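# Understanding the architecture of this molecule
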Amino acid sequence: MAEPGLFKVAILVNNLSGKGSAIKIGNWLVLQLTEIRIEYELFAFNWPENYDGFSDIWLVGGDGTLNYFLNKNRNITLPLFLFKGGTGNDFAWKLYGDSTPEQQLKIALSAPPRKVDAALCNDQIYVNSSGIGFDGEVLKSIGMIRWLGGHLGYLTVVIRKIFSFKEHTFTIRTREKILQDRFLLVIVNNSSRTGGGFMVTPRASVTDGKLDLLLCKPLSLLKRLRYLPVIEKGKHLDLPFILYSQEESIRIEANEEIFAQLDGELIRSKVFDIRILPGKLWIRY
């Protein structure tokens, strides 16, 4: 555990995250740090313009909270930590597993910072996942996802979209190949899990300097329903209708302007230029 004086922590709380769980964790952190005499400042509404004088930045929220912070502070070099206060907490799970707030606090005060990859899509930074087409349509129902909460909310919306979604035609360019076809799923992930528990790219690493590209060819309604739990468990990479590779840069062109999600943030475009940002972040984990 850290000695007093070694840390001055900026605690950034997303008040809208996790149906109030982020606020509870932020208040709990204040009590814990006060007790062990670790210097901190809590920012719950107006986050600082700069972080001069701080040793660490702790974010309390989900993937979208980290996404927002990074796109506002693109050149940040201070060590970061993400407390699980969001709806899905997929990126925090990748770093910290099923750890409790108490366990996360011990890691935040004792683990050395390590370099972690990020990604860039159309000049927007993301760290966990991007999904183009189907994922974007799912995220349009974000209200239901947040109302039901986490994995259950995401799963409910996915099942609804399975019945109605029609595949788009894409041209996908990587360094070694060009694909032109209709696809149900077009996923470019930096990490392995999305939607609060879907292991879409189970082999993904946040330190390998690669993006995991996963494409799913068109499926009938019955096959969509049959293979949903298979994809949820991450057992799908060798199925005949799945195309999977690891890439450093990818250009995806749709036949029309469509929705996509980046760490749970909705964007819309016809062209998606995506590349890895190796070792972009310093994170304690």
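Attention here is on the structure that accompanies the text. Residues take numbers from 1 onward in each chain, read along the sequence in its written order. Side-chain atom pairs in this predicted model are given and counted only at pLDDT of 80 or more, local residue features only at pLDDT of at least 70, and totals for whole chains, interfaces and linings cover all residues. Heavy atoms from the whole structure form the basis of all side-chain values; hydrogens and water molecules are not counted.

Bringing the overall build of the protein into the picture now. Here a helix means four or more residues in a row that DSSP labels H or I, a strand means two or more in a row labelled E, and each is numbered from the N terminus. Across its full length, the protein holds 8 helices and 14 strands. Taken over the C-alpha trace, the protein has a radius of gyration of 19 Å; the compact-globule value for 285 residues is 19 Å, and the two agree within 12%. Overall, the C-alpha framework of the protein stretches about 60 × 40 × 30 Å when taken along its three principal axes. When accessible area is computed with a 1.4 Å probe and restricted to protein chains, residues below 20% of their type maximum are described as buried, those above 50% as exposed, and intermediate ones as partly exposed. The proportion of buried residues among the 285 residues of the protein is 55%. Every residue pair with non-hydrogen atoms within 4.5 Å of one another is taken to be in contact. Restricting the contact set of the protein to residue pairs at least 6 apart, pairs at least 24 apart contribute 72%. To measure how exposed things are, a 1.4 Å probe is used in the Shrake-Rupley method; for residues, cover is taken only from the protein chains shown. Surface summary for the protein: the accessible area is close to 13100 Å², and the carbon and sulfur share equals 51%. In summary, the charge assignment counts Lys and Arg as positive and Asp and Glu as negative, without counting His or the chain termini. Here the site of a charge means atom NZ of a Lys, CZ of an Arg, CG of an Asp or CD of a Glu. Both charge centroids of the protein, one from 35 positive and one from 30 negative side chains, sit 5 Å from each other. Here the globule rule is a power law, 2.2 Å times the number of residues to the power 0.38, and the radius of gyration is based on C-alpha atoms.

Two measures describe an aromatic ring pair: the distance that separates the ring centres and the angle between the ring planes. For Phe, Tyr and Trp, rings pair up if their centres lie within 6.5 Å, where Trp contributes its six-membered ring, and each pair is then called stacked (planes under 30 degrees apart), edge-to-face (over 60) or tilted (otherwise). The final tally for this structure, using the stated rule, is 9 aromatic pairs. Taking the centre distance of 6.1 Å and the plane angle of 75° together, the rings of phenylalanine 43 and phenylalanine 54 count as edge-to-face. Of this pair, phenylalanine 43 sits in strand β2 (residues 39–43) while phenylalanine 54 sits in the loop between β2 and β3 (56–61), and the two are 11 residues apart along the sequence. Three or more aromatic residues joined by ring pairs make a cluster, and in this case those are Phe43, Tyr51, Phe54 and Phe69. Look at NZ for Lys and CZ for Arg. If either is within 6 Å of the ring centre and within 35 degrees of the ring normal, a charge sits over the ring. Between lysine 8 and the ring centre of phenylalanine 54, over which it is positioned, the NZ or CZ distance is 5.2 Å. Positioned above the aromatic ring of tyrosine 285, the side-chain terminus of arginine 114 is 4.0 Å from the ring centre.

Here we come to the side chain of arginine 284. Mapped onto the elements, arginine 284 comes out in strand β14 (residues 265–284). Once residues lying within four places of it in the same chain are set aside, the contact partners of arginine 284 are Phe7, Asp56, Pro79, Leu80, Phe81, Tyr96, Ile107, Ala108, Ala111, Pro112 and Pro113.

Take helix α2 (residues 63–72) next. Among the 10 residues in α2, 8 count as buried, and that is most of the element. By the burial criterion, the buried members of α2 are Asp63, Gly64, Thr65, Leu66, Asn67, Phe69, Leu70 and Asn71.

By size, the foremost hydrophobic cluster in this structure holds 45 residues, and its most contacted members are Trp58 and Phe69. Setting aside anything within four residues of it in sequence, one finds tryptophan 58 in contact with Val9, Ala10, Ile11, Leu12, Leu29, Leu33, Phe81, Phe83, Leu105, Ala108 and Leu109. Residues belong to a common nonpolar core when they are buried Ala, Val, Leu, Ile, Met, Phe, Trp, Tyr or Cys residues joined through side-chain atoms within 4.5 Å.

Mapped onto the elements of the fold, asparagine 67 is located in helix α2. On the basis of relative accessible area, asparagine 67 is assigned to the buried category, the value being 7%. Residue contacts for asparagine 67: discarding those within four places in its chain leaves Ile125, Tyr126, Leu262, Asp263 and Glu265.

Another aspect to go through is the pairing of strand β10 (residues 185–189). Burial analysis of β10 places 5 of its 5 residues in the buried class, the great majority of the element. What you see with β10 is no split at all: Leu185, Ile187 and Asn189 on one side and Val186 and Val188 on the other are buried throughout. For two strands to be treated as a pair, DSSP must find at least two bridges joining them. Where strand β7 (residues 130–133) and β10 come together, 3 bridges link them in antiparallel fashion. Looking at the pairing, glycine 131 lines up with isoleucine 187 of β10. Judged from the 5 bridges that link them, β10 and strand β11 (residues 211–216) form a sheet pairing that is antiparallel. For valine 188, the partnering residue across the bridge sits in β11 and is leucine 213.

Here we come to the packing of helix α1 (residues 21–35) against helix α4 (residues 101–110). To obtain an axis, a line is fitted to C-alpha atoms, over the contacting stretch when the element is a helix, and the angle between two such axes runs from 0 to 180 degrees between their N-to-C directions. In the contact formed by α1 and α4, the axes pass within 12 Å of each other and the chain directions differ by 55°. Of the possible angle classes, the one that applies to α1 and α4 is oblique. Once α1 is placed against α4, the crossing between them reads as right-handed. Between α1 and α4, the residues in contact are Trp28, Leu29, Gln32 and Leu33 and Pro101, Glu102 and Leu105, respectively. Under the scheme applied, nonpolar residues are Ala, Val, Leu, Ile, Met, Phe, Trp, Tyr, Cys and Pro; charged residues are Asp, Glu, Lys and Arg; polar residues are all the others, including Gly. A class-by-class count of the residues in the contact of α1 with α4 yields 5 nonpolar, 1 polar and 1 charged. Angles below 35 degrees are treated as roughly parallel, those above 145 as roughly antiparallel, those between 65 and 115 as roughly perpendicular, and all remaining angles as oblique. Two helices crossing with the near one rotated counterclockwise from the far one by less than a right angle form a left-handed crossing, whereas a clockwise rotation gives a right-handed crossing.

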